[in-house]
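Commentary on secondary and tertiary structure
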Amino acid sequence: MELKMDRDALTGFLARDFGQVAGDFAVDRADAGGVTLRLRVAERHLRPGGTVSGPAMFGLADVALYLAILSRLGPVALAVTTNASMDFMRKPAAGRDVLAEARLLKLGRVLAVGDTLLFSEGVAEPVARASMTYSIPPGGTA
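What comes next concerns the included structure. (Residues numbered from 1 in each chain as written. Predicted model: local features only at pLDDT ≥ 70, side-chain atom pairs only at ≥ 80, totals over all residues. Heavy atoms only, no water.)

**Things to note about the side chain of aspartate 115**
How we decide: Strands are runs of DSSP state E lasting at least two residues, helices are runs of H or I lasting at least four, and both sets are numbered from the N terminus onward. Any two residues whose heavy atoms approach within 4.5 Å at even a single point are treated as in contact.
Checked against the element boundaries, aspartate 115 lands in strand E7 (residues 111–120). Contact partners of aspartate 115, with chain neighbours within four places excluded, come to Leu65, Glu101, Ala102, Arg103, Leu105, Arg129, Ala130 and Ser131.

Next comes the structure, spelled out in structure tokens:
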């Protein structure tokens, strides 16, 4: 399936439709293989001990897979998460952004299923893995 939104279009969508969080993220890549989204880690994303919080990593995984879906469907703002499972595997490296590599496993008429691996920038081993399902609104696959 061809891309309907590239890196620049996804960045613009975030700024326009999700301005309250757009500054936290940067779309590093959007292609047939999926989307890589960067969490620009700031003090507000940390928990005691100086590591990135679970809620910040969950948000990154959720937004990354959402953008992977939009890259294929176009700007369907009402697609929503219906199921999510997250495994936290290791502590993110201090002082580094976190990257989410999201890929779609299935894109249907009503549901989209995907996988996201999270990495500390420059570190090969993933820090977390998320598996998510989204509901696509009627007419969302135009």
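Continuing now.
**Points about the layout of surface pockets**
What counts, and what does not: Both site types are read off a 1 Å grid over the protein atoms alone. A 1.4 Å probe that fits but cannot get out defines a cavity, while an open set with protein on both sides within 12 Å along at least five of seven lines defines a pocket; lining residues have an atom within 4 Å of a point. Grid points are joined across faces, edges and corners, and a volume is the space filled by probe spheres set on the points. Three classes are used, and their members are as follows: Ala, Val, Leu, Ile, Met, Phe, Trp, Tyr, Cys and Pro are nonpolar, Asp, Glu, Lys and Arg are charged, and the others, Gly among them, are polar.
The calculated volume of the largest pocket comes to roughly 180 Å³. As for the largest pocket, its lining consists of 13 residues, and the residues nearest its centre are Phe18, Asp62, Val63, Tyr66 and Ala79. The biggest single contributor to the lining of the largest pocket is helix H3 (residues 54–73), with 3 residues. Residue classes in the lining of the largest pocket are distributed as 10 nonpolar, 2 polar and 1 charged.

**Some details on the pairing of E7**
Here is the rule: For every residue, the accessible area obtained with a 1.4 Å probe (protein chains only) is divided by the maximum for its type, and the residue is called buried under 20%, exposed over 50%, and partly exposed between those limits. Here, a strand pair is defined by DSSP locating no fewer than two bridges between the strands.
Burial analysis of E7 places 7 of its 10 residues in the buried class, which makes it a mostly covered element. Pairing of strand E6 (residues 98–107) with E7, which is carried by 9 bridges, proceeds in the antiparallel orientation. Within E7, the position partnered with glutamate 101 by the bridge is leucine 117. Here E6 folds back onto E7 in antiparallel fashion, the turn holding 3 residues. Pairing analysis gives 9 bridges linking E7 to strand E8 (residues 126–135), with the strands arranged antiparallel. Among the inter-strand pairings, alanine 112 is bridged to a residue of E8, identified as tyrosine 134. The hairpin formed by E7 and E8 contains 5 residues between the paired strands, and glycine 122 there has a positive phi angle of roughly 85°.

**Remarks on the nonpolar core**
For clarity, the cut-off: What makes a nonpolar core is a set of buried Ala, Val, Leu, Ile, Met, Phe, Trp, Tyr and Cys residues whose side-chain atoms join them at distances within 4.5 Å.
Core analysis: the largest hydrophobic core is formed by 40 residues, its most contacted members being Leu10, Leu37, Leu60, Leu67, Leu70 and Leu118. Looking at this core, the element that brings in the most residues is H3, giving 13 residues. Apart from the residues within four sequence positions on either side, leucine 67 is in contact with Leu10, Phe13, Leu14, Val27, Val35 and Leu37.

**Things to note about the environment of alanine 93**
Locating alanine 93 in the fold gives a position in the loop between strand E5 (80–88) and E6. Taking the C-alpha atoms as reference points, alanine 93 and glycine 108, separated by 15 residues in sequence, lie 36 Å from one another. Contact partners of alanine 93, with chain neighbours within four places excluded, come to Ser120 and Val123.

**With respect to H3**
Worth spelling out the cut-off: Expected helix span is given by 1.5 Å per residue-to-residue step, counting one fewer step than there are residues. Contacts described as polar in this section are N or O atom pairs within 3.5 Å, which, within protein, must combine one atom able to donate a hydrogen with one able to accept it, while residues neighboring in sequence count only if both atoms come from side chains.
For H3, which comprises 20 residues, the first-to-last C-alpha distance of 29 Å matches the rise-based estimate of 28 Å (1.5 Å per residue) to within 8%. Here H3 lies mainly inside the structure; 15 of its 20 residues are buried. For H3, the N-terminal cap is serine 53; the gap from its side-chain oxygen to the backbone nitrogen of alanine 56 is 3.2 Å. Once H3 ends, the next one or two residues include glycine 74, with phi positive near 100°.

**Examining the sheet that holds E8**
Quick reminder of the rule: Interaxial angle, 0 to 180 degrees, is taken between N-to-C directions of lines fitted to C-alpha atoms, where a helix line uses only the stretch in contact.
Pairing is antiparallel across the open sheet formed by 6 strands, whose spatial order is E1-E2-E6-E7-E8-E5. On the outer flanks of this sheet lie strand E1 (25–31) and E5, each paired with one strand and no other. For this sheet, the mean inter-axis angle between neighbouring strands, taken without regard to orientation, is 20°. Here 5 bridges tie strand E2 (residues 34–39) to E6, and the two strands are oriented antiparallel to one another. Paired with arginine 38 across the bridge in E6 is leucine 99. Helix-sheet contacts for helix H1 (residues 7–17) involve E1 and E2, and the interaxial angle to E1 is about 145°. Across the sheet, H3 lies against E1, E2, E5, E6, E7 and E8, angled at about 45° from E6, the strand it touches most.

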